[in-house]
Amino acid sequence: MNNLDILMLVLFLLSALWTVMTVRLLRSVIGLAVTSIILTIIMFRLNSPLAAVFELSVCAGLISVIFVTTISFTERVSAARFLVRQKERWSKFWPLPILLAVVAAALLMFVKAPLIPQLAAGQALDARNVIWNLRQLDLAGQIAILLIGIFGTVIFFRGGEK
Amino acid sequence: MSLLLILVPLACLVVLNLHFKQGFIKGAFWLGLLVILAQLAVVALLPTGLWDMRFNPLECFFHFDASVDAISLVVILAVGLVALATLLCAEHLIKEPKKKFYFVNLLMLVLIGLNGLALAKDLFTMYLFIEIAAIASFILIAFRKDPLGLEGAFKYLLFSALSSVLMLTALSLVILFAGGTSFAAVGPAVAASAGTWPARLALALFVCGALIKSGVVPFHGWLPDVYTAAPTYASVLLAGIITKVSGVYVLIRLFVSVFGFDSRIDAAVMFLGAASILIGALAALTQQNLKRLLAYSSISQVGYIILALGCGTPLAIAGAVFHFFNHAVFKSLLFVNAAAIEQQVETQEIDALGGLSARMPVTGFTSVIGFLSAAGIPPLAGFWSKLMIILALWQAGQSGYALFALLASVLTLAYFLSLQRRVFFGKLVPGLDGVREAGWGITTTAIILALITVGVGVCFPFVMQGLILPIKALVVLP
Amino acid sequence: MNELASQLFYYYSVAIILVTICGLYCLIASFNLMRAIIGIEILMKGATLSLILAGYLTGNLGTAQALVITLIVIEVVLMVVAGGIILWLFRHYGTIDSQELRKLKG
């Protein structure tokens, strides 16, 4: 547990905070992608390369594309409205960093590391073995979820203006 | 054998989407009907031993960890019935063939999700199938792309995401103390750890997530808005089965097969159940919109199931599962009647309706049966399940809760009688003279569901033998 | 070994709790519907990290990674459907600002 890990955690928190607090929506989406990248690095440090690569390619890539697509179809904000929104946003969101600082301080100072009474035994299974051989019902479920995604796309994103 | 319940709808989906000269768009309804009827036939007719039979060719490729026990059978039966009701309703309420085609596809996906949920023997698999049913239902709620439906779908999405995060955090705690998520791994680990903080916290978080999905007070904020905003055929599906299976059945599984009974969490669950009964019934007394009233009535009835679940004795669990089945049947019946009214009269405001039973006799009569079963009047099915719940509470020493449940039945009777009087009896409102009975699909569905309610109530000894006693045998107290 | 595990668990779970608070705040206090979806995403990242942490501490990384991969698939489809709903809401009302939506509904 060395300093690099703690740095990564702090960066994770800061990028999530920036994603929430920033005013422009596109910057928020970029912040989400940056948070995903930092999460990928954290997962690599925790010996989970498969999940990390998935997270990187899908969350930092595909989901950002989906968000930017949706935003480009829907965002139509005039300059005056934008200034009003900026002020409203700051007025509603300034408690968040303070809240986070307070909670962090409270947790770090007063709550000691809890003793986990019974850590389960590790079965050193390979993730690929788990997915393809042991959890095949999950695979059927994933096929169903992807089909739902396809139908959702067809129903919502096809068909012209109402 | 049991995995066919998932593979057959999947195959149906694939077949529907191979476009052979547009032929299947018209035939979609009949293919979906065939699949659902096959599911009902399999549950009703297949002897229990045959469920674990394995197909040798399939065994070469797949190795699913799925099995069926008595509670799963009841769930699968209920799922089949409500899906049938939805399909027949939608046949009449959706006009364009293309939309009907998409609807049948989404219904098949919901069927996969709910069947998988009933068959799963692993906590994460349960979560996955909950999400399948939920995301398919978002699309169904927003199906007509009208503003109200879209907002309802978005609200349900937000609450469902909250519930997902709670369940996932609980799952990570489960991995911490049990090393895996299957029932076989978690059960012994919970028994061994006996009240340490990871097990308790994991159970509490999972229960909170399931309570959000079942619409129990204080997590019921989404339920009335979503049931009202959804198109009525989607409301039948949501109210009849999705809310219950993804919420209540998950709780039943948690208590019966995985975590066992923990006294503090049980007491909290019982209290929330009783609160739901009260708040649902009181709110239903003041509603002006038919579907909203039915939504609050759903909250109240689910409160009964949760109350019995918190009690924990075998009789209580059997009563809870039986009431689950009955509620699926009579709530779907009531929503089908609402669909009939919507199709013919185009409004859901109670003040605008009146004296409809003169013009819509089948709808009026079946709704009377639905109301009486909900209020727990003998000899209908609702009476027996409520009796079991109240008896179980009394025997377990919770006489306060038992009396409360008894009194709340009176409240249920009150709001349903008032609804019946205002909508169906009384004088015919002047603008409604030209109203005729609803289409054949809707009335047939209503008649079938009413017959089931009456039949289960009258033939209760057989039901007791076939369904209830196996459930009692399943519940083993620590 | 248990000491090291507790220490690690402690720091990571403090981070997870803080990120969850961020996500919840974003979800509840946002005007824009897209922001609410971003809040859901942040919450799910916290859940992903907690799953991987649990897998790492107990040595069950195979199971944990399989769960995370499935979770990411669910997330993507959820985002697609949410984006579709928001798109149609925009087409109806011309705005996805939830305050203006509330004004329109009355």
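Residues numbered from 1 in each chain as written. Chains lettered and ligands numbered in written order. Predicted model: local features only at pLDDT ≥ 70, side-chain atom pairs only at ≥ 80, totals over all residues.

Visitor: Before we go on, may I ask you to explain the overall build of chain B in this structure?
Guide: Secondary structure assignment for chain B yields 19 helices and zero strands. On C-alpha atoms alone, chain B measures out to a radius of gyration of 21 Å, which is about the 23 Å that the 2.2 N^0.38 rule sets for 478 residues. With the C-alpha coordinates aligned to their principal axes, the bounding extent of chain B is approximately 70 × 60 × 45 Å. Classification of the 478 residues of chain B by burial places 60% in the buried group. (Helix = DSSP H or I, 4+ residues; strand = E, 2+ residues; numbered from the N terminus. Rg over C-alpha atoms; globule rule 2.2 N^0.38 Å. Buried ≥ 20, exposed ≤ 12 C-beta atoms within 10 Å, placed from the backbone.)

Visitor: Which parts of the structure should I look at to understand the overall build of chain C?
Guide: Along chain C, the regular secondary structure elements total four helices and zero strands. Starting at the N terminus and walking to the C terminus, you meet the elements of chain C as α-α-α-α. Residue pairs in contact within chain C that sit at least 24 positions apart in sequence constitute 43% of those at least 6 positions apart. (Contact = placed C-beta atoms within 7 Å.)

Visitor: What's the story with the environment of Leu-285 of chain B in this structure? I'm lost.
Guide: Residue and element names in this part refer to chain B. Mapping Leu-285 onto the fold places it in the loop between α12 (263–284) and α13 (290–311). The exposure class assigned to Leu-285 is partly exposed, which follows from the 13 C-beta atoms found within 10 Å. Spatially, the C-alpha atoms of Leu-285 and Leu-419 are 8.9 Å apart, while their sequence positions differ by 134 residues. Apart from residues lying up to four places away in sequence, Leu-285 is in contact with Ala-414 and Tyr-415.

Visitor: Looking at this structure, how should I read the interface of chain C and chain B?
Guide: Often, the extent of an interface is quoted as the loss of accessible area upon association of its parts. Facing 29 residues of chain C, the contacting portion of chain B comprises 24 residues. When contributions to the side of chain C that touches chain B are tallied by element, the ones reaching two or more residues are α2 (33–58) and α3 (61–93) of chain C. The leading source of residues in the side of chain C that touches chain B is α3 of chain C, at 14 residues. Grouping the amino acids of the side of chain C that touches chain B by side-chain chemistry returns 22 nonpolar, seven polar and no charged. (Nonpolar A, V, L, I, M, F, W, Y, C, P; charged D, E, K, R; others polar.)

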